[in-house]
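Residue-level structure breakdown
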Amino acid sequence: MNINRFWPAIALAVTLVLTACGGDGSNTPAANNPATPNNPDNGGDDGGGGDDGGDDGGTGTDPDDGGETPPDSVGRTFMVSPGENATEDMVNAMVQLRPKDTLQFECGYFELDQGILIQATEDVLIKGCGKDETILSFKDSVNVTGLEALNIRGITVEDLTILDSPGDAFKLKSVKWGTLRNVRAIWSGGGEPITADNYADRVHVSCTNPPFNEGDPTPDYVPSSASGRYGIYPVESENILVEGSESIGASDAGIYVGQTNTAIIRDSRAAYNVMGFEIENVQGGEYDNNIAECNTGAFLIYDLENITRYGDTSVMINNVARNNNTYNFAHSGLVSVVPRGTGFITLGYDNIEVLNNTFEDHSTAAVIYASYELIDGKNNTADKKIDPYTEGLHIHNNVMKNSGYDLPPPDLEKLANGEVESALPTLIGLKNLPTINDPTQLLGSLTNILNLGKGAHIVWDGLRDDLDEDCPYPVDSNGDPVPMWDSGKPVHTNEHPNPSCHYNAYKFDENKARIQPEWGSCIHDNDLNSDSAPYLNFHGTDGLELVLAIAEQDFSILSPTGLTDVLEGLLNLPSDTRLSDHDCQARFGKTLASLPRVTIPPFEPSGEFDPAPSDEVVEFYCSADVAEGEINREALNYNCPTLDQYNLFADAQDPRSTPNESGQPFVLNTKLFSDYSTKYRVVFVPPGEQAVYSDGQDGNNVNGSIVFPEGTVIAKTFAFTDESQGTEVPVETRLLIKRRNSQDSAVWVGLPYIWEEEDGKRVARLAMNGGTASVAWHYRDADSNTLLTGSTDGYTIPNGNQCVTCHANDDQPAGSAPIGPKPRNLNRAYKAESAFMGTSGQAGFPAVNQIKQWKDLGILTGVPELTISNGVATNIEHLPRWNVPGDSGETANSAADIESRVRAYLEVNCQHCHNDKGAASNTGYYLDHFRDVNASYGVCKKPTATGGGSCGRQHVLVPGSAGSSIVSCRLSAEDDPQKMMPPIARSVAHGEATALMDQWINNVVDSSYTNASACN
């Protein structure tokens, strides 16, 4: 019996990300420097500095006088004013932020067409002049998130409002010590847009009469499923404080903290979101003195399955949940089935204390206490690492009024599609039918068959597990026992393999009896108003065995054993109301101890961010004369204003020309799609140095590329080829440079250069702000011979901070570590991507296996003996060319060949983020070459969040149905930052890859795949 699911590091050594992402070229204190941006009288620009800024890799020596450079600039303030230059000034400032710097928005209404992205720095402040006075509108932004902080140690965001972000408003990921204070996330919703003319009134949203159903009158606010997902969204972080803040209108959760250690949400408000507040997979969480009103559901504490780690221990104290009766307007995901009129939900999470809260006016229940068994069926939860049951639940000294008076009906459209989750309130009602003494009452009940009965203040599914004596303690990938809590409960992460069974022996004593009350629940001393039923235990699906079996066409229910189950279930059909079952003092002589309040420790800076060199130092090294054919290696420690100052290429005006020194061109089997650009890649290993061969180690090193020595440069030029016109135009060149900081840590720096024509010459200038270009292409692909034609006015050159988004994985060197040069993707014969160059420049290098060539040239060591066939080493790992049938080694266009090529494409285009160490690690959706195609690969996996990114679909990958699969929608999306994947450096869909993806889903992935049954 299976009911569908009801709810479904830190880069501290990144000392050069502002190297990787630019500096302002100034290193004197702001107050004393006439060129710094917080001096209004100096004639400088509001963004401060410029694109020719310094980096963290300087020597600290002034070449002009031999003395020490001035100290690092501390406490600079970059002011941004409303107006047409606001986006440019904001981006210019954000790529420069260093410890103790401030990015400050003046009062007013801002229209920003790019998101705020702060990467890998520490101790920075982003502020406005009050959440009612500074309004940042992102309705026309090309980025999905309003403000995103990644890999930060110490960030405070305060005193501003983010309006109409396409996706999340405030997102903190991999942040240690993050504070969001006096901020607001708000969406215009389905009413009139919030604008510069009306924001003073519209950002203040009351809660008087929430719409029970779509289309009902709603005087305060019109919710919309088109709104972004999360209002405030710290995830995979540590030491998080959200206070004095507000979220209005999020289509998932208003204020959320997930997969995080130590988090406090206090003195905040959520209204007209689907879920007001969420604590998800958190270890050490606290709600204190918050208000949730007019949401679908008010507060949630739970563990979501199939993501990075699991939670334990949260306190909910002094909060108010009232009138959370807005209809559910979410697209998909767990929150899409939260019944309207819910004050608090817990699911699959241990050790929760709920005290001194007020719950009033909730049409389903004040408290819903549920388990994954209700959703999946007993022992059917696919993720065996998660504990399906909430235990150690302590509810006391709360006030509950007017609960369960109007159970919402199920969504008939979802029921017709086999999605039965929305029927939970109906299940509660069926188990709580009123006693009918007058036969005339029967007709009235039948006319309301979808809304029988009522809820209660506290509703429990009544489900707990039995001891599984045969289930061994789980082990890690090395066969060693995973860590455990003091209680004996395993502490799982997504690095551990999924066990074959759910281990639960720690809940039971030597007599096989459940240890109480620790592995139970205690409910006492609550003020339960007599206007509602105090408590219902509805015994899961007991009593509905026959109905569910018929729905699933399981006719074994008609066997003697099945009929016995039916009869036993019918005895448990009615709910019981014995709240005394949770009187721990009476039953066990003790109750659960109070949980500790959360304390955030004082901030500790890392000290790993080097001072910025002065303009004079940068100019000295970048302008140095070098011999012909030699790279300006001293300059590699700095962010040079123009590409030619590094002297990487024989022709300074053409990055396709012969590389200087030992530069070696290379290509990849499958490349990242970037609007059909042609790419020229070159690796420059320092003379006398060697890179070290490192492969995927059968899945134990999925992000590991070849290990390059300090001083290595990888250059990648993006060009657009038009063979019909005989032209090829380089648009940008990106550099990855491996430096070493003052703390003796290695760090990769990413630098974008944009090609321009100046005085009749081609020059590439450092462009930390990024840019856009109009481009066109018309050429035959070098591998597939397919003719590719098209154009776009929106080709995007990422800004300096965006390079870290894709290139940072917390198991790799800090900064923008290389993605492409993995042995499995280099294992092929070299051949330039474009025929335009003929045999000149980089196109003239030998067409031999690249790994063997690097070994023979002496720039790569540790390579095993290779067996080469048709340019491919057959005895090491190999990714196929995604667009060449049969390149996988399987029969061309066979199921195995299609799957292998799709997986190669997903690894190169998506896996750099979708891995358990990457930017999308919080999704639990991982796409490395070695992983089985199962739930973690998306098969019948529910999205972790709703919003436009889910495309209104319920699962990432539905066997046999690309039209129902989120991944297919996102790969084919254009002009929608919520949906487009990858989200950076493409503006058009990759039609050929989308077609292959759909072919794989429709014709190859079927019911035999692991977890395929979870879609139904």
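Thresholds, definitions, all that
In this convention, every chain numbers its residues from 1, walking through the sequence in written order. Under the rules for a predicted model, residues below a pLDDT of 70 receive no local features and side-chain atom pairs below 80 are neither given nor counted, while totals for whole chains, interfaces and linings still include all residues. With hydrogens and water stripped out, all remaining heavy atoms of the structure feed into the side-chain values. Counting from the N terminus, the helices are the DSSP runs of H or I reaching at least four residues and the strands are the DSSP runs of E reaching at least two. In this scheme, a residue with accessible area under 20% of its type's maximum is buried, one over 50% is exposed, and one in between is partly exposed, where area comes from a 1.4 Å probe on protein chains only. Reported accessibility uses the Shrake-Rupley method at a 1.4 Å probe radius. Residues are deemed covered only where the shown protein chains occlude them. Every helix has an expected span of 1.5 Å times one less than the residues it contains. To be clear, the arc concerns the directions from the helix axis to the C-beta atoms. Only the six-membered ring of Trp is used, alongside the rings of Phe and Tyr, when aromatic pairs are assigned; centres must lie within 6.5 Å, and planes under 30 degrees apart are stacked while those over 60 apart are edge-to-face, with the rest tilted. We call a set of buried residues a nonpolar core when its members are Ala, Val, Leu, Ile, Met, Phe, Trp, Tyr or Cys and they connect through side-chain atoms within 4.5 Å of each other. We count a salt bridge whenever a side-chain nitrogen from Lys or Arg sits within 4 Å of a carboxyl oxygen from Asp or Glu. Computed over the protein atoms alone on a 1 Å grid, cavities are sets of points where a 1.4 Å probe fits but cannot get out and pockets are open sets with protein on both sides within 12 Å along at least five of seven lines; a residue lines them when it has an atom within 4 Å of a point. Grid points are joined across faces, edges and corners, and a volume is the space filled by probe spheres set on the points. Throughout this entry, Asp, Glu, Lys and Arg are counted as charged residues, while Ala, Val, Leu, Ile, Met, Phe, Trp, Tyr, Cys and Pro are counted as nonpolar. The remaining residues, Gly among them, count as polar. For every residue, the predictor assigns a confidence score, pLDDT, that lies between 0 and 100. Contact definition: two residues touch when any of their heavy atoms are within 4.5 Å. Strands are labelled as partners when DSSP assigns at least two bridges between them. What counts as a disulfide here is a pair of cysteine sulfur atoms lying within 2.5 Å. Axis definition: a line fitted to C-alpha atoms, over the contacting stretch in the case of helices. Angles run 0 to 180 degrees between N-to-C directions. Convention used here: angles under 35 degrees read as roughly parallel, angles over 145 as roughly antiparallel, angles from 65 to 115 as roughly perpendicular, and any remaining angle as oblique. Each crossing is labelled by how the near helix is turned from the far one, with a counterclockwise turn of less than a right angle marking it left-handed and a clockwise turn marking it right-handed. N or O atoms closer than or at 3.5 Å make up a polar contact, with two conditions inside protein: a donor-capable atom paired with an acceptor-capable one, and, for residues adjacent in sequence, both atoms drawn from side chains.

Here we come to the overall build of the chain. Looking only at helices and strands, the chain features 17 helices and 43 strands. Within the chain, the proportion of its 1016 residues that are buried is 61%. Per element, the accessible surface of the chain, about 36,200 Å² overall, is 47% carbon and sulfur.

Counting buried positions along helix α2 (residues 86–94) yields eight of nine residues, so the element is predominantly enclosed. Buried within α2 are the following residues: Ala86, Thr87, Asp89, Met90, Val91, Asn92, Ala93 and Met94.

With that settled, the discussion passes to helix α17 (residues 991–1003). Over its 13 residues, α17 extends 18 Å from the first C-alpha to the last, a length consistent with the 18 Å expected when each residue adds 1.5 Å. Considered for burial, the residues of α17 that qualify are Ala993, Thr994, Leu996, Met997, Trp1000 and Ile1001. Down the axis of α17, the smallest arc covering the buried residues is 160 degrees, so these residues share one side.

Evaluation of the coordinates by the stated rule reveals 27 aromatic pairs. When the centroid spacing of 6.2 Å and the interplanar angle of 65 degrees are considered together, the rings of Tyr327 and Phe329 count as edge-to-face. Look at Tyr327 and you get buried, because its relative accessible area is 13%. Here Phe329 falls in the buried class, since its relative accessible area comes to 5%. Centre to centre, the rings of Tyr646 and Tyr753 are 6.4 Å apart; their planes meet at 85 degrees, and the pair counts as edge-to-face.

Counting 110 residues, the largest nonpolar core has Leu103, Phe105, Ile116, Phe170, Tyr646 and Leu735 as its most contacted members. Broken down by element, the residue count for this core peaks at nine residues, all from strand β7 (residues 147–163). Core analysis: the second largest hydrophobic core is formed by 44 residues, Val731, Tyr795, Trp882 and Val902 among them.

On to the pattern of salt bridges, then. Under the defined criterion, the tally for this structure stands at 48 salt bridges. Between Asp101 and Arg76 there is a salt bridge, and its shortest N-O distance comes to 2.3 Å. Taken together, the residues Asp101 in the loop between α2 and β2 (102–105) and Arg76 in the loop between α1 (17–20) and β1 (77–80) connect sequence positions 25 residues apart. On the basis of relative accessible area, Arg76 is assigned to the buried category, the value being 0%.

Its volume calculated, the second largest cavity comes out at about 180 Å³. Lining the second largest cavity are 20 residues, and of these Lys385, Asp387, Lys489, Pro490 and His492 lie nearest its centre. Each residue belonging to the lining of the second largest cavity can be placed in one class, and the counts come to 10 nonpolar, five polar and five charged.

One rule of thumb: low pLDDT means the predicted coordinates there are not for detailed reading. Here the chain averages 84 in pLDDT, while 82% of its residues score no lower than 70. For residues 1–73, every residue scores under 50 in pLDDT, and the model assigns this stretch 262 contacts once sequence neighbours within four places are set aside.

Okay, the pairing of strand β5 (residues 122–127) next. Side-chain direction in a regular strand flips from residue to residue, so the side chains alternate between the two faces of the sheet. Relative to β5, β2 is paired through three bridges, and the arrangement is parallel. Note on β5: the bridge partner recorded for Leu103 is Ile126. Where β5 meets β7, five bridges bridge the pair, whose relative direction is parallel. Of the residues in β7, the one forming a bridge with Glu122 is Arg153.

Now for the state of the cysteines. Counted by the stated rule, this structure contains six disulfides. The disulfide partner of Cys207 is Cys294, and the gap between their sulfur atoms is 2.0 Å. Here the S-S torsion is close to 80 degrees, and the disulfide linking Cys207 with Cys294 is therefore right-handed. Taken as a pair, Cys207 in the loop between α3 (199–202) and β9 (232–235) and Cys294 in the loop between β17 (291–293) and β18 (297–302) lie far apart in primary sequence, 87 residues in all. Residue class for Cys207 comes out buried when judged on its relative accessible area of 18%. You can call Cys294 buried: its relative accessible area is 0%.

Between helix α15 (residues 895–911) and α17, the shortest axis-to-axis distance is 10 Å and the interhelical angle comes to 130 degrees. In terms of their interaxial angle, α15 and α17 are classed as oblique. Our pair here, α15 against α17, has a crossing hand that is left-handed. On α17, the residues that touch Ile898, Glu899, Arg901, Val902, Tyr905 and Leu906 of α15 are Ala993, Leu996, Met997, Gln999 and Trp1000. Across the contact of α15 with α17, the residue classes break down as eight nonpolar, one polar and two charged.

Tracing the chain through its elements places Pro885 in the loop between β43 (872–873) and α15. Sequence-wise, Pro885 and Ser784 are 101 residues apart; in three dimensions their C-alpha atoms are separated by 8.8 Å. Apart from residues lying up to four places away in sequence, Pro885 is in contact with Ala892, Asn893, Asp897 and Arg901.

With that settled, consider the pairing of strand β4 (residues 116–119). The alternating pattern of β4 places Ile116 and Ile118 and Leu117 and Gln119 on opposite faces, both of which are buried. Alignment of β4 against β7, held across four bridges, turns out to be parallel. In the strand pairing of β7, Ile118 is matched with Ala149.

Time to look at the environment of Gly462. Along the chain, Gly462 turns up in the loop between β27 (456–460) and β28 (521–524). Gly462 gets classed as partly exposed once you look at its relative accessible area, which sits at 26%. Taking the C-alpha atoms as reference, Gly462 lies 9.9 Å from Thr541; in sequence the two are 79 residues apart.

Attention now goes to unusual backbone geometry. Look at the link from Gln516 to Pro517: it is a cis peptide, with omega at 5 degrees. Residue placement: Pro517 occurs in the loop between β27 and β28. Despite not being glycine, Asn397 shows a phi value in the positive range, around 60 degrees. Structurally, Asn397 can be placed in the loop between β25 (393–396) and β26 (399–403). Of note in the backbone geometry, Lys512 takes a positive phi value of approximately 70 degrees without being a glycine. Here Lys512 lies in the loop between β27 and β28.

To continue, consider the environment of Leu97. Counting through the fold element by element, Leu97 comes out in the loop between α2 and β2. Spatially, the C-alpha atom of Leu97 lies 7.1 Å from that of Val124, the residues being 27 residues apart in sequence.

Okay, the side chain of His539 next. Here His539 shows up in the loop between β30 (535–537) and α8 (545–551). Looking at His539, its side chain comes within polar contact range of the side chain of Asp576, at 3.1 Å.

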